[in-house]
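Spelled out from the first residue to the last, the chains are:
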Amino acid sequence: MLASIPKAVWITLAIVAAIGAAVYIFSQNKSKKEKPWSSTPLPSGAFSQASPVAEPRRTAVAEREASITQEPVSVYRDAPAPRSHKVPTPPAGYGAATWLPSGQPITIADTVIPGGLVYVGTSLRTPSGRPDPSLIDPSKKVAARGDYSDRNGMDYWPSYSDITPEARRAYLQWSAGGRQDPTADIGYVFLFFYGLERRVILDGSGEGEEAKAAQADRPAIAQEIRRLLSTYGSQSGSFQRYATDLLTVVELNTYSDKLYARPLPEFPDSYELPLYLRLALGQCAMANVPVPAPLALAWVRRDPNIYLRTPATRCAEQFEKLFHERYAALLNGGLVLPRNKTKLKFLYRAASAALVAHGEIKVTFGDTPDVTVLTGPVEKLQEVVDVTTSELDAYSRFLGRSPEAADALEGLLLLPLNLWPSDARQKLDALLARIADGMVTLQLQEVAACLGTAQRLERATVTSLARVFEGLHVGMEPDVLNGARTPKPEETLVLFSVPPGESVNRNSAPYQSAALTVQLAIAVASADGDFGAEEFKHLRQHIEGWTHLTAAHQQRLRAHMRYLMAVPPSLASLKKKLEPLAAPAKEALAKFMVTVAQADGTVSPTEIKMLEKVYKALGVDPQKVFGDVHAVAAAPTGTPSAQTVSPIAPKPAAAGFQLDAARIAALQHDTDKVSALLSNIFTEEPVEAQPPAPAAVAAPEPEEHLPEAPLGLRGLDAAHTAFVHQLLSRPQWTREELLDLASDLDLMLDGALERVNEAAFDAHDGPLTEGDDPITINRDLLESQPT
């Protein structure tokens, strides 16, 4: 076989052998002169936490587990003395994973990550045998750029080791920014959350030193979870549920008996009722004690089965205070829960896929029931919520329109008094003390200044003010709650006390008739520009003599009379109210106006002219005025002689004038007669049945259809509809312009405005016009209409 080997091969082998021998001999000769061999050490600081980490070369050392020790390695040669060197220290983060506590920073790929609460290393196993997805492995490649608002490069269950280099850069940048940018994709939030979950569930279980260290981290972890929930909880229902449940696991050891008696902690927003609340409610049921109002409110705010309307969130502070009061009042001190059969328990399943093998966490609480499965308590709480929010509806709508005016008078007037700020309530109490059991006359702007600062004293504000006073047993004239004209800021208000328990029905026929009589009387008595004390006294005596009126009615009429003295009514404004009167009532009322004019002992020419207008408005012949004046001035038969006064004679001096009590007594009969007639003018008379019309009777005329008025105003005739159309053509009118317009349409201006505004209130709960001169069109009403 050797003969078959080629000659060239033999020559090559010979040469190699010769060279090897020569090298051996040379080394033997030089060995005593050489220095011992050693490895060349790497420069110090070749790796640091701040150094960028590149992909390591695939050498035998790089493939070894990070758990390799750093013991000296001996290298032997044939020389008798051994030589040794050390393996270089690995870069920071390489090797077994390390947990960084809260506040400890680290630099990965030139990126400083503050705050800690992460695992860093190249090896961190889980119960499933897979690498932990939260582990930041510095040996992994990191791209130069990344976008954490984009999920590209991540699976549904992301892992730092498996995501793309661009995704790693994005995760490090998000972490470097404090993990708080709300634009970050929720996948990066979960990637960080997996580490918190591992620290609580795996590291925190057991009794060893590592478990104790992990348990010491729980307060910081709980704080971090709450912070994450505040930023990202609303972005992902899945994250909200997992984070809320992990927070429960972290804080379970702080739960105790009688949680319902302890101050409630802050709860993150959640789609489920927190375990803390469920446990506290179950403890209430076990102890058979009413649920405290704060606990009931927390239940209401976090139970998805209870519907909260806008006022509960927009007016959260007012809702909380009012709920406490209504809860105690409507549920007799509080809700007592039954002990139902369903027992309370808590389950936690990890979000991290690597912890599935660890199994779920299950916690039970003995016989404590889960009362939240019951529908009865929820229905009762819903009733309390509905009552509370309904009382805040108006204030909530006001805040929706004017969020900057929460403390303005307009807003306060829409709140129940018990929700007013203390300083505003003190001002109100001071005003009520001035009224006491009497009567106070102030300008509207003065009344508003006594309570707070108003933006604008519009009708809605004045109406709200009247409602507040009415709830405090204080009446207000003008009676805006009954449709009276809204006073200007500089005009007079009369505030008067109303006995508690007495309600004044201002729509009753007796009161309406008496009020109309007073209005006409004031109009007549003020015709000469001098409504004197005697005329006031005379009219007041008549009011007190109307025995068919209640004391509350009489008190309001006296206040109404005082208001009319400052703001006398015009005859035109009363004309519409006089139209329904029957002829006998009109005649009786006309004669009564003469008695009012005679009350001060004389009737001036101006008053004569006013009486003529009154007679004309009532449909009574104005020529009768002089005869009626003389008849009233004559002394009644059988009484002491009365002063016979010429209707055009000058008034006697006030100092020597005495009202003739005998004549007043004689005229009382006429007054009662007028009152009896007027008491029926607002009462609908029954329609008498008519016999069937004979066949020969002509066909009835077609039914009259009222023209369609703008803005949905109903019940207006053609003239008033045309009046509305003209009003809407301009945002503002002078009174003189509208007088001309009303005259063209054969309308009385004040009556037309009143009728139009009544229709506007019926349709939109607000007037169409505001002010007296100029007269402004309500733009809010126009803008509320669909185009």
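Preceding this section is the structure that the text describes.
A. Highlighting helix H3 (residues 165–176). Across its twelve residues, H3 extends 16 Å between first and last C-alpha, which sits within 8% of the 16 Å expected from 1.5 Å per residue. When we look at burial in H3, the residues that qualify are Ala167, Arg168, Arg169, Ala170, Tyr171, Leu172, Trp174 and Ser175. Here the buried face of H3 lies against strand E4 (106–108), strand E5 (111–113), helix H4 (186–203) and helix H6 (218–232). Backbone geometry just downstream of H3 places Gly178 in the positive-phi region, at approximately 90 degrees.

B. Quick peek at unusual backbone geometry. A cis amide bond links Glu477 to the next residue, Pro478, at an omega of 10 degrees. Relative to the helices and strands, Pro478 resides in the loop between strand E10 (474–477) and strand E11 (492–497). For Asn288, which is not a glycine, the phi torsion comes out positive at approximately 60 degrees. Secondary-structure assignment places Asn288 in the loop between helix H8 (275–287) and helix H9 (293–302). Of the residues examined, Asn288 reaches a relative accessible area of 56% and is grouped as exposed.

C. Region of the structure containing the nonpolar core. Within the largest apolar cluster, 128 residues are counted, with the highest numbers of intra-cluster contacts made by Phe239 and Tyr327. Sequence-distant contacts of Tyr327, that is, excluding residues within four places in its chain, are made with Val291, Pro292, Ala293, Ala296, Gly334, Leu335, Leu381 and Val384. In terms of nonpolar packing, the next biggest core, distinct from the first, is built from 47 residues, Trp546, Ala559, Leu564 and Ala590 among them.

D. Region of the structure containing the sheet that holds E10. Across the sheet, which stays open at both edges, the three strands sit in the order E9-E11-E10 with antiparallel pairing between neighbours. At either margin of the open sheet sits one strand with a lone partner, and together these are strand E9 (439–443) and E10. Averaged over all adjacent pairs, the angle separating strand axes in this sheet is 25 degrees, with direction ignored. Pairing geometry for E10 and E11, over four bridges, is antiparallel. In the strand pairing of E11, Gly475 is matched with Phe496. Against the sheet, helix H19 (residues 551–566) engages E9, E10 and E11, with an angle of about 165 degrees to E11.

E. Highlighting helix H11 (residues 316–330). The terminal C-alpha atoms of H11 lie 20 Å apart, and with 15 residues this matches the ideal 21 Å at 1.5 Å per residue to within 8%. Residues Gln318, Phe319, Leu322, Phe323 and Tyr327 constitute the buried set of H11. Asn332, located one to two residues past H11, shows a positive phi value of around 55 degrees.

F. Structural detail: the sheet that holds strand E13 (residues 769–770). Read across the open sheet, the three strands follow the order E12-E14-E13; overall the sheet is antiparallel. Looking at which strands have only one partner, the edges of the open sheet turn out to be strand E12 (732–733) and E13. Pairing of E13 with strand E14 (residues 775–777) involves two bridges; the strand directions are antiparallel. Each residue of the ladder has a partner; that of Thr769, found in E14, is Ile777.

G. Quick peek at the side chain of Ser396. Positionally, Ser396 belongs in helix H12 (residues 376–401). Its relative accessible area of 2% is what places Ser396 among the buried residues. With sequence-adjacent residues up to four places away left out, Ser396 is seen in contact with Thr310, Pro311, Arg314 and Cys315.

Definitions and cut-offs
- Residues numbered from 1 in each chain as written.
- Predicted model: local features only at pLDDT ≥ 70, side-chain atom pairs only at ≥ 80, totals over all residues.
- Heavy atoms only, no water.
- Helix = DSSP H or I, 4+ residues; strand = E, 2+ residues; numbered from the N terminus.
- Expected span 1.5 Å × (residues − 1).
- Buried < 20%, exposed > 50% of the residue type's maximum accessible area, 1.4 Å probe, protein only.
- Contact = heavy atoms within 4.5 Å.
- Core = buried A, V, L, I, M, F, W, Y, C linked by side-chain atoms within 4.5 Å.
- Pairing = 2+ DSSP bridges.
- Axes fitted to C-alpha atoms, helices over the stretch in contact; angles between N-to-C directions.

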